[in-house]
Amino acid sequence: MNSRQSPTLKAASAETRAETDALFNSIGDGAIATDEFGRITRVNPVALQILGYKASELVGEWFPRKVIAMSEEGQPINLIDRPITKAFLTGKTVFQKMFYQRKNGQPVPVSISVSPILLKGRPLGAIEVFRDITLEEEIDRMKSDFISLAAHQLRTPLSSIKTYSHMLQDGYMGDITAEQKRSLTTIIGAADRMNELMSMLLNITRIESGTIALNSKQVDIYRLTEDVMREVGLLAAERGVHMQLEKQGKTPTGLRTDSLLLKEIITNLVTNAIKYTPPKGEVIISVRGRRNDVLVSVSDNGWGIPKYAQDQVFSKFFRANNITKRETTGTGLGLYMVKGLLEELGGKIWFITEEGQGTTFFCSIPRKITTSPVNINKTM
Ligand code: ADP
């Protein structure tokens with residue numbers, strides 16, 4: 001066909017090709033283009049540098065086979081989970097973080113975006129742009145280390161503040177007035193909140209850095225739930241909220257999981273239910289043993305979650321505006337942490353809600369800790 005082109009047309013298309021090449025090669029991140037079958041058609045110099053290949057070793061090869069993608073644990077990522085496959089299947093741009101294997105076998109963390117190339121709605125191929133994020137990962141790790149060190153170090157002076165406040169309040173250092181007693185109660189409450197905040201920060205850094213240590217043992221879920229209810233009982237009483245435990249079906253036996261993490265999860269959900277329910281409200285915690293999991297639900301008849309906020313509540317720092325106008329204290333970290341912890345146990349969380357009517361959070365806790373599915377966005 002080319003041979004039939006006029007010399008002027010030939011020159012024009014050669015020029016267009018040269019321009020496209022120059023454009024492609026000037027992209028500051030790694031770029032790989034494929035045809036509609038996923039075969040590599042172009043690779044820019046940055047991609048070659050990141051992956052350690054020569055262009056001749058990549059062009060013409062089937063992209064998913066030649067460029068190996070791995071999870072943080074070094075497991076190859078299934079074809080169906082590769083961003084290029086998702087981009088082809090959905091026709092949309094897909095963003096993902098994962099590891100690529102360099103030619104010398106070394107893993108390199110990358111942040112990827114893949115878009116299908118469409119011409120009049122027909123897929124012509126895909127274009128992937130990716131960056132080496134080794135440095136960002138390192139900075140992230142240092143940030144996590146810093147937070148965890150700071151939280152640990154702050155705990156010791158905080159526990160002195162609490163111990164001495166309790167001693168003062170209990171009269172070990174002489175009589176105190178009612179007003180002084182009230183002030184000490186406020187100090188102790190503030191120290192407790194700080195402690196909770198620090199353990200939340202510690203948990204989050206551990207989840208994000210994938211360093212959470214799991215301790216699996218037999219758990220009596222009724223007892224654990226009753227412990228939680230006892231511990232948040234004062235808050236419920238202060239808020240005039242009534243709590244109730246519903247044991248559904250047969251007593252769940254054979255639950256082996258991490259009791260501390262599970263307690264943290266349920267405590268957070270019950271605390272939220274109490275905090276986000278007006279006085280005289282009702283919080284129902286229900287426990288049901290099922291074949292492979294235990295289902296715990298925390299239900300309230302409180303303010304609910306507005307529609308706009310429903311897909312954001314598990315995001316870091318998110319708080320819905322129907323809540324922020326009523327409750328100024330809060331960080332928006334609780335549910336982010338709860339979801340992360342539950343995933344560590346191999347469980348799931350979801351909710352139903354209606355603004356002004358109430359909310360129910362459901363947690364499915366597997367009877368045995370299952371290794372959580374590879375979640376690159378979480379681990380990196
Ligand atoms: P925080 O409670 O510190 O605001 P969370 O991460 O625990 O942070 O919750 C995030 C947001 O989700 C809350 O600010 C609130 O908007 C919403 N939310 C969580 N639980 C409930 C609930 N039981 N009822 C209504 N809104 C809730």
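In this report, the structure presented in the accompanying data block is examined. Since this is a predicted model, take the numbers as computed values, not measurements.

## Regarding the site of the ligand
Link 1 in the chain: As a structural note, the neighbourhood of the ligand is formed by 20 residues, with Asn272, Tyr276, Arg319, Thr331 and Leu335 the closest of them.
Link 2 in the chain: Between Arg319 and the ligand, the recorded distance is 2.5 Å, taken from a side-chain N or O atom to an oxygen atom.
Link 3 in the chain: Contact between the ligand and Gly332: an oxygen atom at 3.0 Å from a main-chain N or O atom of the residue.
Link 4 in the chain: About the coverage of the ligand: the protein hides 98% of its 530 Å² of free accessible area.
Link 5 in the chain: Top element by residues in the shell around the ligand is helix H10 (residues 259–275). It accounts for three residues.

## Things to note about the nonpolar core
Link 1 in the chain: With 48 residues, the main nonpolar core has Ile221, Met243, Leu269 and Val270 as its most contacted residues.
Link 2 in the chain: Looking at which element gives the most residues to this core, the answer is H10, with eight residues.
Link 3 in the chain: Residue contacts for Leu269: discarding those within four places in its chain leaves Val298, Leu335, Val338, Ile349, Phe361 and Cys363.
Link 4 in the chain: Core analysis: the next-biggest nonpolar cluster, separate from the first, contains 24 residues, Ile50, Phe63, Ile77 and Val94 among them.

## Topic: the packing of helix H8 (residues 221–231) against H10
Link 1 in the chain: Look at H8 against H10: their axes get within 10 Å of each other, and the N-to-C directions meet at 50°. The pairing of H8 with H10 is recorded here as oblique in orientation. Crossing hand, H8 versus H10: right-handed. Facing H8, whose interface residues are Ile221, Leu224, Asp227, Val228 and Glu231, H10 presents Ser259, Leu262, Lys263, Ile266, Thr267 and Val270.
Link 2 in the chain: Of the residues assigned to the contact of H8 with H10, the class counts are six nonpolar, two polar and three charged.

## Some thoughts on the sheet that holds strand E11 (residues 293–300)
Each strand in a sheet pairs with its neighbour through backbone hydrogen bonds, running either in the same direction (parallel) or in the opposite one (antiparallel).
Link 1 in the chain: Reading across the sheet, the five strands line up as E8-E10-E11-E13-E12 and stay open at both edges, with mixed pairing between neighbours. Unpaired on one side and paired on the other, strand E8 (242–248) and strand E12 (348–354) mark the two borders of the sheet. The average undirected angle you get between the axes of adjacent strands in this sheet is 15°.
Link 2 in the chain: Of the strand pairs in this sheet, E8 and strand E10 (residues 282–289) are connected by seven bridges, and their pairing is parallel. The residue of E10 that forms the bridge with Lys247 is Val287.
Link 3 in the chain: In the packing of H8 onto the sheet, contacts are made with E8, E10 and E11, and the angle to E8 comes to roughly 175°.

## Comments concerning unusual backbone geometry
Link 1 in the chain: Backbone geometry at Lys120 places phi at a positive 50°, although glycine is not the residue there.
Link 2 in the chain: On the secondary structure map, Lys120 appears in the loop between strand E5 (107–119) and strand E6 (122–132).
Link 3 in the chain: Unusually for a residue other than glycine, Lys280 sits at a positive phi of about 70°.
Link 4 in the chain: Residue classification places Lys280 among the exposed positions, given a relative accessible area of 78%.

## Some remarks on the environment of Leu158
Link 1 in the chain: With respect to the element layout, Leu158 can be found in helix H6 (residues 134–169).
Link 2 in the chain: Given the relative accessible area of 5%, Leu158 is considered buried.
Link 3 in the chain: Each C-alpha atom of the pair Leu158 and Ala11 lies 76 Å from the other, and the pair is 147 residues apart in sequence.
Link 4 in the chain: Ignoring anything within four residues of it in the chain, the contact list for Leu158 reads Ala191, Met194, Asn195 and Met198.

## Observations regarding the packing of aromatic side chains
Link 1 in the chain: Counted by the stated rule, this structure contains six aromatic pairs.
Link 2 in the chain: Ring geometry for Phe314 versus Phe361: centroids 6.3 Å apart, planes at 85°, classification edge-to-face. Of this pair, Phe314 sits in the loop between E11 and helix H11 (321–324) while Phe361 sits in strand E13 (residues 358–366); the two residues are 47 residues apart in sequence, bridging distant segments of the chain. You'll find Phe314 and Phe361 in the same group, each marked buried.

## Brief notes about the pairing of E6
Sheet faces and side chains relate simply in a regular strand, where the side chains alternate between the two faces.
Link 1 in the chain: In this sheet, E6 lies alongside strand E1 (residues 30–35) in antiparallel orientation, the contact comprising six bridges. Paired with Asp35 across the two strands is Gly125, which belongs to E6.
Link 2 in the chain: The pairing of E5 with E6 spans 10 bridges and is antiparallel. The residue bridging Ser113 from the neighbouring strand is Val129, located in E6.
Link 3 in the chain: In this structure, the hairpin formed by E5 and E6 is closed by a connection of two residues, where Lys120 is found at a positive phi of approximately 50°.

What counts, and where the lines are drawn
Residues numbered from 1 in each chain as written. Predicted model: local features only at pLDDT ≥ 70, side-chain atom pairs only at ≥ 80, totals over all residues. Heavy atoms only, no water. Near = heavy atom within 4 Å. Polar contact = N/O pair within 3.5 Å; in protein donor to acceptor, adjacent residues only side chain to side chain. Areas by Shrake-Rupley, 256 points an atom, 1.4 Å probe, with all protein chains shown as cover. Helix = DSSP H or I, 4+ residues; strand = E, 2+ residues; numbered from the N terminus. Core = buried A, V, L, I, M, F, W, Y, C linked by side-chain atoms within 4.5 Å. Buried < 20%, exposed > 50% of the residue type's maximum accessible area, 1.4 Å probe, protein only. Contact = heavy atoms within 4.5 Å. Axes fitted to C-alpha atoms, helices over the stretch in contact; angles between N-to-C directions. Parallel < 35°, antiparallel > 145°, perpendicular 65-115°, else oblique. Left-handed = near helix turned anticlockwise from the far one by under 90°. Nonpolar A, V, L, I, M, F, W, Y, C, P; charged D, E, K, R; others polar. Pairing = 2+ DSSP bridges. Phe/Tyr/Trp six-rings, centres within 6.5 Å; stacked < 30°, edge-to-face > 60°.

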